[in-house]
Amino acid sequence: MGEQTRTSARVTGQRDAVADGGTPPVIDAAFARWLADRAGQVLLRVRDEMGYADGAALKAAGDKAAHELLRTELARWRPADAVLSEEDDHSRIAWQNGEPAARPDRLDASRVWIVDPLDGTREFSEEGRTDWAVHVALWTADCSRPSCLAAGAVAMPARHRTLATDLPPAYPPLPLEAATGGPIRIAASRTRPPAFVTALAEEIGAELVPMGSAGVKIAAVINGEADAYVHAGGQYEWDSAAPVAVASATGLHASRIDGTALKYNQADPKLPDLVVCRKDLAPRLLAALQRHLP
Ligand SMILES: Nc1ncnc2c1ncn2[C@@H]1O[C@H](COP(=O)(O)O)[C@@H](OP(=O)(O)O)[C@H]1O
Ligand SMILES: [Mg+2]
């Protein structure tokens, strides 16, 4: 290939890249933000184009469009990395007698992107609701960060806000009421709050703040709109990986509700419970949780 051909191929390639959203950042955390934002733009377009008359169709179309965008861009820009996506049937494990029937390749990979193309799917399908998100996290085998999450981004497109580990938000301010032992605010599922969270809130005199999406709830703790997010009874790695990466980078506490570490890229992607809260609240909350473990 002559230099002129090479140059024009480079220019054409650059034009194509710009048309599709440009060349992404090289740094993983900035790439995670870029990717989550791009999927968020796709989701806003799907909402605009379809409207809200058929909620089930809107949910399915949103899940599919965001998943395809993430899969395509990860294959294009991070081809050597493995992916665990909520919407990817192949990434789910078939179990035989309590063992994985086939070991997924990601268990031997050194870098795995754990993505939830649309978290808060129900809220996405309801007109006017902004509590839904795109999650993009990077798990690495070298495990230099909490829970081995090297990078993460949570895009909240309908709020025009993205939180990511490249520019972790400042540690949230300590509200005077909470600092002096007053009521704390616990973000909880608006549609299926675990029964024990209600009991826990009563015991410690906390107020429950209902909202959709695990990512949006953890973002609420990061932003200081809530003091904690407590969940139990079922969830998967993709529901929490990205927001936990950002919360940890911000300086918040994140663990299982029994206080043990959150582990990602496990054979079984179920990760049924977690607590994210300000560090100063963690001892009080974990002690109360011990009395309410489901
Ligand atoms: N008991 C449960 N079992 C499995 N997933 C659950 C769950 N409770 C919540 N989730 C998942 O956690 C995310 C946040 O839920 P909620 O808004 O109710 O707090 C949702 O993700 P998706 O929207 O990606 O499915 C939801 O499906
Ligand atoms: Mg989810």
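Residue numbers run consecutively from 1 along every chain, following the written order of its sequence. Chains carry letters and ligands carry numbers; both start at the beginning, A for chains and 1 for ligands, and go up in the order they are written. This being a predicted model, a pLDDT of at least 70 is required before a residue's local features are given, and a value of 80 or more before pairs of side-chain atoms are given or counted; all residues contribute to the totals for chains, interfaces and linings.

## Structural notes on the domain arrangement of the protein chain
Accessible area lost when the parts come together is the quantity often used to give the size of an interface. When cut into domains, the protein chain gives domain 1 (3-164) and domain 2 (176-290). Taken together, the contacts link 35 residues of domain 1 with 28 residues of domain 2. Elements with a contribution of two residues or more to the side of domain 1 that touches domain 2: strand E1 (82-85), strand E4 (111-119), helix H4 (121-124), strand E5 (133-140), strand E6 (149-156) and strand E7 (161-164). Ranked by residues supplied to the side of domain 1 that touches domain 2, first place goes to E6 with 6 residues. Classifying every residue of the side of domain 1 that touches domain 2 by side-chain character gives 21 nonpolar, 5 polar and 9 charged. By convention here, the domain bounds are inherited from an automatic or database domain assignment. Residues are treated as contacting if the C-beta atoms built from their backbones sit within 7 Å of each other. In DSSP terms, a helix is any run of H or I states spanning at least four residues, a strand is any run of E spanning at least two, and both are numbered starting from the N terminus. Under the grouping applied here, Gly and all other residues not named as nonpolar or charged are polar, the nonpolar ones being Ala, Val, Leu, Ile, Met, Phe, Trp, Tyr, Cys and Pro and the charged ones Asp, Glu, Lys and Arg.

## What about the sheet that holds E6?
Strand pairing is assigned whenever DSSP detects at least two bridges linking the two strands. With mixed pairing, 5 strands are arranged side by side in an open sheet as E1-E4-E5-E6-E7. The open sheet has two edge strands, E1 and E7, and neither has a second partner. Direction aside, the axes of adjacent strands within the sheet are offset by 15 degrees on average. In this sheet, E7 lies alongside E6 in antiparallel orientation, the contact comprising 4 bridges. Across the sheet, the residue bridging to Val 154 is Leu 163, located in E7. Those strands touched by helix H2 (residues 28-50) are E4, E5, E6 and E7, and its axis lies near 25 degrees from that of E6. Helix axes are fitted to C-alpha atoms over the stretch in contact, other axes to C-alpha atoms as well, and angles between N-to-C directions run from 0 to 180 degrees.

## Things to note about the sheet that holds strand E11 (residues 253-255)
Pairing in this open sheet of 5 strands is mixed, and the strands run E9-E8-E10-E12-E11 from one edge to the other. Because the sheet does not close on itself, it has two edges, and the strands there are strand E9 (207-211) and E11. Within this sheet the neighbouring strands show an average axis-to-axis angle of 20 degrees, counted without direction. The sheet strands contacting helix H9 (residues 282-290) are strand E10 (228-231), E11 and strand E12 (274-277), and the helix crosses E12 at an angle near 155 degrees.

## Here we look at the environment of Arg 38
Position of Arg 38 relative to the elements: it lies in helix H2. Between the C-alpha atom of Arg 38 and that of Ala 261, which follows or precedes it by 223 residues, the distance is 31 Å. Among all residues touching Arg 38, those that are not within four sequence positions of it are Gly 21, Leu 69 and Glu 73.

## A word on the pairing of E10
Taking every second residue as pointing to the same face, both faces of E10 are buried, with Ala 228 and Val 230 on one and Tyr 229 and His 231 on the other. For strand E8 (residues 185-189) and E10, the ladder comprises 2 bridges, and the chain directions are parallel. Paired with Ala 187 across the bridge in E10 is Tyr 229. Burial is judged by counting other C-beta atoms within 10 Å of a residue's own C-beta: 20 or more means buried, 12 or fewer means exposed, and anything between counts as partly exposed, with every C-beta placed from the backbone.

## A look at the UniProt feature "binding site: Mg(2+)" (unreviewed entry) in the protein chain
UniProt positions are given in the numbering used here, feature names are shortened, and annotations may be inferred rather than shown by experiment. In the numbering adopted here, UniProt assigns the feature "binding site: Mg(2+)" (unreviewed entry) to Glu 86, Asp 116, Leu 118, Asp 119 and Asp 239. Despite a sequence span of 154 residues, these residues sit close together in the fold, their greatest C-alpha distance being 9.4 Å. Assignment of secondary structure puts Leu 118 in strand E4. In contact with Leu 118, other than residues within four places in its own chain, are Leu 43, Gly 62, Asp 63, Ala 66, Phe 124, Trp 132 and Val 134. Position of Asp 239 relative to the elements: it lies in helix H8 (residues 237-250). Setting aside residues up to four positions removed in sequence, Asp 239 forms contacts with Asp 116, Asp 119 and Ala 214.

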